[in-house]
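# Breakdown of the fold
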Amino acid sequence: MMNSLSQTETISNTEDIGDQHAMTSIETPLRPDAFLRSDEEKMNRISELFQQILWELGLDLHDDSLSGTPYRFAKMYIKELFYGLNPLNKPKLSTFVNKYDYNKILIEKNIRVNSTCEHHFLPIVGLAHIGYLAKNKVIGLSKINRVVDYYAHRPQVQERLTLQIYNELKSALQTDDIIVVIHAEHLCVSARGIKDSTSSTTSIEYGGIFSSETKRNEFLNLLK
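A brief report on the enclosed structure follows. (Residues numbered from 1 in each chain as written. Predicted model: local features only at pLDDT ≥ 70, side-chain atom pairs only at ≥ 80, totals over all residues. Heavy atoms only, no water.)

## Regarding the sheet that holds strand 6 (residues 178-186)
Read from one edge of the open sheet, five strands run 5-2-3-6-7, paired in mixed fashion. Of all the strands in the sheet, the pair left with one neighbour each is strand 5 (155-156) and strand 7 (201-206). Relative to strand 3 (residues 123-133), strand 2 (residues 105-117) runs antiparallel, the two being bridged by ten bridges. By the bridge assignment, T116 is partnered in strand 3 with P123. In the packing of helix 5 (residues 158-173) onto the sheet, the strands contacted are strand 2, strand 3, strand 5, strand 6 and strand 7, and the crossing angle to strand 6 comes to about 155 degrees. Contacting strand 2, strand 3, strand 6 and strand 7, helix 7 (residues 213-223) crosses the sheet at an angle of about 75 degrees to strand 2. (Pairing = 2+ DSSP bridges. Helix = DSSP H or I, 4+ residues; strand = E, 2+ residues; numbered from the N terminus. Contact = heavy atoms within 4.5 Å. Axes fitted to C-alpha atoms, helices over the stretch in contact; angles between N-to-C directions.)

Pasting the structure below:
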């Protein structure tokens, strides 16, 4: 009886954490042995496991439409949706000496965010807006988009995604003068649970000169 009750409490606590969209760490929670298997080995194993899920749902896997679904699903997970888990896929960030002495805010806005909620594995879709004050270094514009895309393509919590993008750019540009804003819709809110299809979530991280309300407002006004 106690074991059954304990298991029920564990499931309840787990569901509560997911519904609260709790973040336990800035780092994505990965095991030390996360990349011992090759991508192909992972895809084969995931394909086998997903085939069992489809079977439990009662689907006929001999049907032509479904027969290739398990491997397509596995390939999508490893090669597309979660390619950002593998550090080998991390984009190389080219920075350059700021020879032209540009010293005002530079903004890259409306960067598409396609991510996945780590609590329910449903899509997070939205836009990221990033600004930084150029000092000694500048970064190629497409590299900012690549940073967003890389960290978005892993199971995520929006707050963590915002912090990871900020920290990566901070390291590359060697400055705190960075601001990251993400506006996103979560299908774990709109497609399940409360099923609120009109709400969205905004997260923000900033440092350096953007700790000043005046500079933050300058950035936010330029987004308009």
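## Some thoughts on the packing of helix 2 (residues 39-56) against helix 3 (residues 69-81)
Running from N to C, helix 2 and helix 3 point in directions that differ by 130 degrees, and their axes come no closer than 8 Å. As summarised for this structure, helix 2 and helix 3 are arranged oblique, according to the angle between their axes. The chirality of how helix 2 crosses helix 3 is right-handed. For the pair formed by helix 2 and helix 3, the contact residues are D39, E40, K42, M43, N44, I46, S47, F50, Q51 and L54 on the first element and T69, P70, Y71, F73, A74, K75, I78 and K79 on the second. Looking at the contact of helix 2 with helix 3 residue by residue, the classes come out as nine nonpolar, four polar and five charged. (Parallel < 35°, antiparallel > 145°, perpendicular 65-115°, else oblique. Left-handed = near helix turned anticlockwise from the far one by under 90°. Nonpolar A, V, L, I, M, F, W, Y, C, P; charged D, E, K, R; others polar.)

Such coordinate-based values are descriptive only and should not be taken to indicate function.
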